[in-house]
Amino acid sequence: MTPLRIALIALLALLVLGGGWLAWQKLRPPLTITSATTSGTAAVGGPFELVDQTGETRRDGDYRGRYMLVYFGYTYCPDVCPTTLLIMSRALTLLGETAPAAAKQVVPLFITVDPERDTVEAMAAYQPSFHPDLVALTGTPEQVAAAAKAYRVYYAKVEDQASGTYLMDHSSFIYLMGPDGAYLTHFDHLAQPEEIAESVKRHIGG
Ligand code: NI
């Protein structure tokens, strides 16, 4: 048993114990979304300035005129993030197959909540595991905090004593934003790719 294996097993045990509680936490939509839906105002979304996996500066305004699928997570996430990003990737592939014109209007964004470890290089190494169009964004802790605040995304560092490293606890929703940058709907991490593709297609009207 290498120290890495021991650390991974300890992490896994922690995840199993905390899994139930976390799943419940993550399934609860943030209150702001509920109020956004009822008041009809866009409480989710807003300006951001980040850096993509190629080192290029990206602002939310760069994507005006296109629909954005936005997901916040981090590359060290052992389970929910990679699964959700695969679901998002699969949804885009499905959309590309059934409604190629609609698919061209969608840009998938992955924004890290762990800028400390998710450098441009880390994002560049992570991105190829997912849809080729995926834009993997990082930035300074301040830039990331501003983006997360705009999207009402909760995240917090959780120290792991056993491994001496940390996990990020974070809300896990895929947001669909309109061509004007306004919030349209969101999907939780249990949504199926078919559902997401259908919903996006419906919103685009293709
Ligand atoms: Ni995660």
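Every residue gets a number counted from 1 within its own chain, in the order that chain's sequence is written. Reporting in this predicted model follows two pLDDT cut-offs: at least 70 for local features of residues, and 80 or more for side-chain atom pairs to be given and counted; totals over whole chains, interfaces and linings ignore these cut-offs and use all residues. Derived side-chain values reflect all non-hydrogen atoms in the structure, with water molecules and hydrogen atoms excluded from consideration.

A few points about the overall build of the protein
Put simply, the test is: Strands here mean DSSP runs of E at least two residues long; helices mean DSSP runs of H or I at least four residues long; both are numbered from the N terminus. For every residue, the accessible area obtained with a 1.4 Å probe (protein chains only) is divided by the maximum for its type, and the residue is called buried under 20%, exposed over 50%, and partly exposed between those limits. Here a residue-residue contact requires only that any non-hydrogen atoms of the pair lie within 4.5 Å. Accessible areas in this description were obtained via Shrake-Rupley with a 1.4 Å probe; residue shielding takes into account the shown protein chains only.
Counting its secondary structure elements, the protein contains seven helices and nine strands. Counting every position in the protein, which comprises 206 residues, the buried fraction comes to 48%. Look at the contacts in the protein between residues 6 or more apart in sequence, and 70% of them connect residues 24 or more apart. As displayed, the protein offers around 10,100 Å² of accessible surface, 60% of which is attributable to carbon and sulfur atoms.

Looking at the coordination of the nickel ion
Rules: Each metal's donors are the N, O and S atoms within 2.8 Å of it, or within 3.2 Å when it is Na, K or Ca, and because water is not part of the set, sites may look incomplete.
Binding of the nickel ion to the protein goes through C77 (SG), C81 (SG) and H170 (NE2), at separations of 2.1 to 2.3 Å. Written as a sequence motif, the donor arrangement for the nickel ion is C-x3-C-x88-H. Residue C81 is located in helix α3 (residues 80-98), and its partner H170 is located in strand β7 (residues 165-170); the two are separated by 89 residues in the primary sequence. According to the relative accessible area criterion, C81 is buried, its value standing at 0%.

Examining helix α7 (residues 193-204)
Here is the rule we go by: Take the residue count of a helix, subtract one, and multiply by 1.5 Å to get its expected span.
Here α7 is twelve residues long and its end C-alpha atoms lie 16 Å apart, about the 16 Å a rise of 1.5 Å per residue gives. In this structure, the buried side of α7 is in contact with β3 (67-73), α3, α4 (100-103), β4 (106-112), β8 (173-177) and β9 (183-188). Positive phi shows up at G205, right after α7, with a value of about 85°.

Concerning the packing of α3 against α7
Short version of the rule: Working convention: axes come from line fits to C-alpha atoms, limited for helices to the stretch in contact. Angles between N-to-C directions cover 0 to 180 degrees. By the definition adopted for this analysis, an angle is roughly parallel if under 35 degrees, roughly antiparallel if over 145, roughly perpendicular if from 65 to 115, and oblique otherwise. By definition, turning the near helix anticlockwise from the far helix through less than a right angle yields a left-handed crossing, and turning it clockwise yields a right-handed one.
Taken N-terminus to C-terminus, the directions of α3 and α7 make an angle of 55°; their axes are 8 Å apart at the nearest point. As far as their axial angle goes, α7 and α3 are oblique. The interaxial crossing formed by α3 with α7 has right-handed handedness. Taken together, the residues of α7 that come into contact with α3 (itself represented by I87, R90, A91, L94, L95 and T98) are P193, E194, I196, A197, V200 and K201.

Considerations on unusual backbone geometry
Although it is not a glycine, R152 sits at a positive phi angle of roughly 55°. Tracing the backbone shows R152 in the loop between α6 (141-150) and β6 (155-160). Here R152 falls in the partly exposed class, since its relative accessible area comes to 35%.

Some thoughts on the sheet that holds β4
To summarise the sheet geometry, strands pair through backbone hydrogen bonds and adopt either a parallel or an antiparallel arrangement. Stated precisely, the cut-off is as follows: In this analysis, strands are considered paired if DSSP registers two or more bridges between them.
Pairing in this open sheet of five strands is mixed, and the strands run β5-β4-β3-β8-β9 from one edge to the other. Unpaired on one side and paired on the other, β5 (135-137) and β9 mark the two borders of the sheet. On average, each strand axis in the sheet is tilted by 20° relative to the strand beside it, whichever way the strands run. Sheet topology places β8 next to β9; five bridges connect them, and they run antiparallel. Opposite M177, over in β9, you have Y183 as the bridge partner. α7 contacts β3, β4, β8 and β9 of the sheet and is inclined by roughly 175° relative to β9.

Thoughts on the side chain of S199
The topology assignment puts S199 in helix α7. A residue is classified by how much of its surface remains accessible, and S199, at 6% relative accessible area, is buried. Those residues in contact with S199 that sit more than four places away from it in its chain are T185 and F187.

A few points about the confidence of the model for the protein
Here is the rule we go by: Confidence scores labelled pLDDT are given residue by residue by the predictor and lie between 0 and 100.
For the protein, mean pLDDT is 87; residues scoring 70 or higher make up 79% of the total. Low pLDDT (under 50) marks residues 27-40, which in the prediction has 17 contacts with non-local residues, meaning those over four places away or in another chain.

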